[in-house]
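Examination of the molecular architecture
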Amino acid sequence: MRKVYLDHSATTPVRPEVVEVMNQYLTNNFGNASSVHSFGREARKGLETAREQIANLIKAQPEEIFFTSGGTEADNMAIIGTAFANQKKGKHIITTQIEHHAVLETCHHLEKLGFEVTYLPVDKNALVSVEKVKEAIRDDTILISMMHANNEVGTIQPVKEVGALAKEKGIVFHVDAVQSFGKLPIDVNEMNIDLLSASSHKIYGPKGIGCLFLRKGTKVEPLMFGGAQERKRRPGTENVPAIVGFGLAAELAGKEMAQENERLTKLRDKLIQGILEKIPHVQLNGHPTQRLANNVNVSFHYVEGESLLLMLDMKGIAASSGSACTSGSLDPSHVLLAMGISHEIAHGSLRMTLGKVNTEEDIDYCLEVLPDIVAKLRSMSPLYNSGKIEN
Amino acid sequence: MRKVYLDHSATTPVRPEVVEVMNQYLTNNFGNASSVHSFGREARKGLETAREQIANLIKAQPEEIFFTSGGTEADNMAIIGTAFANQKKGKHIITTQIEHHAVLETCHHLEKLGFEVTYLPVDKNALVSVEKVKEAIRDDTILISMMHANNEVGTIQPVKEVGALAKEKGIVFHVDAVQSFGKLPIDVNEMNIDLLSASSHKIYGPKGIGCLFLRKGTKVEPLMFGGAQERKRRPGTENVPAIVGFGLAAELAGKEMAQENERLTKLRDKLIQGILEKIPHVQLNGHPTQRLANNVNVSFHYVEGESLLLMLDMKGIAASSGSACTSGSLDPSHVLLAMGISHEIAHGSLRMTLGKVNTEEDIDYCLEVLPDIVAKLRSMSPLYNSGKIEN
Amino acid sequence: MYSEKVMDHFMNPRNVGELENANGIGEVGNAKCGDIMRIYIDVEDSIIKDIKFKTFGCGAAIATSSMVTEMVKGKTIDEALKVTNKAVAEALGGLPPVKMHCSNLAADALHKAIENYKQNMQKNTQN
Amino acid sequence: MYSEKVMDHFMNPRNVGELENANGIGEVGNAKCGDIMRIYIDVEDSIIKDIKFKTFGCGAAIATSSMVTEMVKGKTIDEALKVTNKAVAEALGGLPPVKMHCSNLAADALHKAIENYKQNMQKNTQN
Ligand SMILES: Cc1ncc(COP(=O)(O)O)c(C=O)c1O
Ligand SMILES: Cc1ncc(COP(=O)(O)O)c(C=O)c1O
């Protein structure tokens, strides 16, 4: 059976070049990067090269890159670290309603500890308004945390404008760039970003590694305690094979970005157009143009997302959904709800995120399979004829 | 040139079986373990198998194993998590002076937050006394954190006796088993361990992955916030390739433990005997018998550890030292100092930790090279003739 | 995630559809929560002669709906009332823990349909 | 970690040893900190005719000791006094940052030796 992986925003396969270099560091250059001997020095060299590769991609200095175990840890370190480092200045944080749980849950945690958090609303396309950010700023605001591109609907936020605002007001600006790093051009200086989270496994690098860009002079308390690694900011034996893989993945992503985005945009638009043409009662979620080149998010009315995923899976297509049923909770995606989409329609959402291996044939196959599946599920749905949730 | 790696307590190469299975999960079974589709389910299967493999090694239940980014994170999660979950019951923690920095620095951090920590002394062999633990227990003691085997001198602690004591007093018992996991038999029930930290890269598994055993019913606050992974205790996309590698490494370590320990003990004792016979003014650090099968730690009087390491390195031998100069600090190893060893002699310490690939020939080579190196450094040393630090 | 039996009932659901001449209809859940199950029964001499369902929901919701219809077709309504959500899940070889509470409601829908049938009968008798 | 030049001076240190007829000896550091450098000089007509060192310490400590002896051998003591720790590190092609403060003391030892030489001269003159 044809296998079509359309879940690249969840995770990606590791590209062959990266596997190769990782294997070298798993076996030959396996030393502890903090060791004095040749095994350690080899590892250290790989580590520092990776730091440069990653810094280059976002126009930062290598010393401003700190490796973490992934995007989640980077988000936690940025937000908790800034909160504790600045709590004497103020206890107010601004973020948005459509952040990843790694940001939202961290903010909820801080609320329990006495911090105050403003969760900004978004418009129907999931866009945050710069004006609303401005209005939310108070004298005791110490941090603005905002994602660059949304992981569910792909909407790209006005990060540069918010960065300018944050700089003007002297507020630390954190950007969760997990979905945009290696996919959109980022210049931390031009965008006035103080802290930026990235994760390797979204760009064909290994899982379990990410980084926090930490602008020189930005004060952040550490999240963990131990050895003096990462200039005392992040303890633990350095995960050199993964770091080296992340570095190469970042460099290659940067090189291929423009061309790959062009290619993916075409595929994406073909898939969106095809779905809108072939299937009735369907809507596109997220911004029509200001979106990641690889993101398609649609809602099929009258059907539920998980059953859609399962049927697609039986046809070899891997995708994801903002349906509550995929997570075992009762509420569907907080992102779709924040966009003003009803529970009913949010349940029927399908996210297809394209990647390197996808071809036009994949899209054709998907467009061939999807209408039947939607029709089958609708024929089982008690909602379909009743028109209850038509909008 | 012959290469002899004698720094297995710092880190190990990943064994071929593990590299192989990791590669499979980096490329083919690369899915996000939380995804509904077949790629996700394959990843989930690998993840849960690894959980079982690890649980088996320490006689725990799979649901009691939580994956972390390494030993450091596991230690932090155990200690900070227990402290915050129990602070209403009390704020006193007992640990020892010879713990790894991942424990010590975490305790120092808690002291800043109002917790009280007793750092128990050790005897000249680095042994903690059960009697002293008993005396240190107070009504408000909430946690005893103690390592199983010391990473520098290899001394094995009376964990079972302390476990019985902790259980009797109703105090949470955390064991940093990073150096003993897969090397010494562990039974978390028999030893009354509530929390146990382990790290994969010490047992021929990949770096960047570890776990915390968390006995059912033990209350621990999370260290990070985000997705619902690891039953809401540890967020972030699961590092499946590393976890699968860790699982296999743990299983194989368990299978080979008895035989490998026997083999290593012979090599270890040959190396120790050889050094004591061939080189004057040298002492063994750590317990003569109650020590890890792979640990040799000696001090050569009148010479400094880092230069020893560098000269060994030029001969292809990789080792480590408790000298301050290897870390860039001014004080040598806190472990050696806690054992009552003078600064001068601590500076001249050399740790050689054996592993799978080491052979008798490696030991012979080492015994051939070491005396000349020590002699050369002593000939440069202003201390050697003066006899200043003779003891 | 799902057992083979669940997947079979999900991919090849038994008794999907509506019953024109149903004398009992039961519905549980709502679209907001992501699950609606509607069960139609045609009862004759206290025996469920025919049964159909329509379900909006996840794999577990569809599979349990399908399974419950198979379990009670041809049975008396008293027997059908003894079928619990738990029994349906067991007949499917188990369900993932997260699904046990939110999507395992097919027996409830069946029971509602039987209740509805009984009410209809009462009304008929009263008229 | 260390540059090639540092490693060269570490593995093949120049001027190791003691000077029987030294007329200046300087020592810095102590064994507790892990670094002791002792420098012996033989000064004639204000010129460092011979110089030797003995060092207990890390790679940087040994390499800087060796380097400083090479830098000042044959130079006048005034020239030698102008040699700084920083200059020694630079002559070695740099040192790792953590080593700059704790193990880069060879010029200090040299200066102490020169001071000692001057004191000895004074004493000699006084007697
Ligand atoms: C926007 C965003 N932030 C944070 C994360 C967390 O990253 P990781 O899974 O590497 O911890 C993700 C992905 O899961 C994400 O999409
Ligand atoms: C005893 C002990 N605890 C904790 C650690 C930290 O483990 P990791 O490097 O995996 O974070 C180590 C090793 O570095 C160790 O030896």
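Scroll up a little and you will see the structure.
For the structure given in this document, a descriptive report is provided here. (Residues numbered from 1 in each chain as written. Chains lettered and ligands numbered in written order. Predicted model: local features only at pLDDT ≥ 70, side-chain atom pairs only at ≥ 80, totals over all residues. Heavy atoms only, no water.)

Before going further, it helps to spend a moment on the overall build of chain A. When you go through chain A residue by residue, the secondary structure sums to 12 helices and 12 strands. Of all 391 residues assigned to chain A, the portion counted as buried reaches 67%. Residue pairs at least 24 apart in sequence account for 72% of intrachain contacts in chain A once pairs closer than 6 positions are excluded. Total accessible area on chain A is roughly 13,300 Å²; 50% of this is exposed by carbon and sulfur atoms. Taken together, the 42 basic and 47 acidic charged side chains of chain A have centroids lying 3 Å from each other. (Helix = DSSP H or I, 4+ residues; strand = E, 2+ residues; numbered from the N terminus. Buried < 20%, exposed > 50% of the residue type's maximum accessible area, 1.4 Å probe, protein only. Contact = heavy atoms within 4.5 Å. Areas by Shrake-Rupley, 256 points an atom, 1.4 Å probe, with all protein chains shown as cover. Lys, Arg positive; Asp, Glu negative; His and termini not counted. Charge placed at Lys NZ, Arg CZ, Asp CG, Glu CD.)

Within the structure, ligand 1 sits among 15 residues, and Thr72, Asp176, Ser199 and Lys202 of chain A together with Thr237 of chain B are positioned closest to it. Around ligand 1 the close residues trace back to chains A and B. The side chain of glutamine 179 of chain A places a nitrogen or oxygen atom 2.8 Å from an oxygen atom of ligand 1. Between ligand 1 and serine 199 of chain A there is a distance of 2.6 Å, counted from an oxygen atom to a side-chain nitrogen or oxygen. (Near = heavy atom within 4 Å. Polar contact = N/O pair within 3.5 Å; in protein donor to acceptor, adjacent residues only side chain to side chain.)

Attention now goes to the site of ligand 2. Not every one of the 15 residues close to ligand 2 is listed here, only the nearest: Thr237 of chain A together with Thr72, Asp176, Ser199 and Lys202 of chain B. Around ligand 2, the neighbouring residues derive from chains A and B rather than from a single chain. The separation between an oxygen atom of ligand 2 and a polar side-chain atom of histidine 201 of chain B is 3.2 Å. Between ligand 2 and the protein, one listed contact pairs an oxygen atom with a side-chain N or O atom of lysine 202 of chain B at 3.0 Å. Calculation on ligand 2 without its partners gives an accessible area of 390 Å², and the protein chains cover 95% of this total.

Moving on, we come to the side chain of serine 321 of chain A. Residue and element names in this part refer to chain A. Position of serine 321 among the secondary structure elements: in the loop between β11 (317-318) and α10 (334-338). Separated by 2.8 Å, the side chain of serine 321 and the backbone nitrogen of serine 323 make a polar contact. In terms of polar contacts, serine 321 uses its side chain to reach the backbone carbonyl oxygen of serine 349, at 2.7 Å.

For the pair chain B and chain A, the relating rotation is 180°, the translation along its axis is 0.0 Å, and the fit reaches an RMSD of 0.0 Å. As the rotation angle and translation indicate, the two copies are arranged about a two-fold axis. Measuring from the rotation axis to each C-alpha of chain B, the shortest distance belongs to serine 69 of chain B, at 3.0 Å. A share of 98% of interface residues in chain B that are also interface residues in chain A marks the association as one of identical surfaces. (Least-squares fit on C-alpha atoms with pLDDT ≥ 70 in both.)

Residue and element names in this part refer to chain B. By the alternation rule, side chains of strand β2 (residues 65-68) split into Ile65 and Phe67 and Phe66 and Thr68, which are all buried. Note that β2 and strand β8 (residues 210-214) share 4 bridges and pair antiparallel. Among the inter-strand pairings, phenylalanine 66 is bridged to a residue of β8, identified as leucine 212. (Pairing = 2+ DSSP bridges.)

All names here are of chain A. Here valine 103 lies in helix α4 (residues 101-112). Exposure remark for valine 103: the relative accessible area of 0% places this residue in the buried category. C-alpha of valine 103 to C-alpha of valine 303: the two residues are 200 residues apart in sequence and 30 Å apart in space. Excluding its chain neighbours within four sequence positions, the residues that come into contact with valine 103 are Asp75, Ile79, Thr95, Ser145 and Asp176.

What follows concerns the interface of chain B and chain A. Between chain B and chain A, the contact holds 57 residues from the first and 56 residues from the second. Counting the surface lost from both chain B and chain A, the interface buries some 4,400 Å², and carbon and sulfur atoms represent 66% of this. Among the residues of chain B in contact with chain A, Phe30, Lys207 and Phe225 of chain B are the three that bury the most area, contributing 16% of the side total. At the boundary of chain B and chain A, one finds 2 salt bridges. A salt bridge links aspartate 313 of chain A to arginine 41 of chain B, with the shortest nitrogen-to-oxygen separation between them at 2.9 Å. Linking chain B with chain A are 25 residue pairs in polar contact (both at pLDDT 80 or more), by the criterion used here. Within the residue set of the side of chain B that touches chain A, elements represented by two or more residues are α1 (16-27), α2 (38-57), α3 (71-86), α4 (101-112), α8 (240-278) and α9 (305-314) of chain B. (Buried area = accessible area lost by both parts, 1.4 Å probe. Salt bridge = Lys/Arg side-chain N within 4 Å of Asp/Glu carboxyl O.)

Looking now at unusual backbone geometry. Glycine aside, a negative phi is what most residues show, and trans is what most peptide bonds show. Residues and elements named next belong to chain A. Even without being a glycine, asparagine 192 presents a positive backbone phi close to 55°. As for its placement among the helices and strands, asparagine 192 is situated in the loop between β6 (172-176) and β7 (195-199). If you check the backbone angles, tyrosine 302 has positive phi at about 75° while not being a glycine. Residue tyrosine 302 is classed as buried on the basis of its relative accessible area of 3%.

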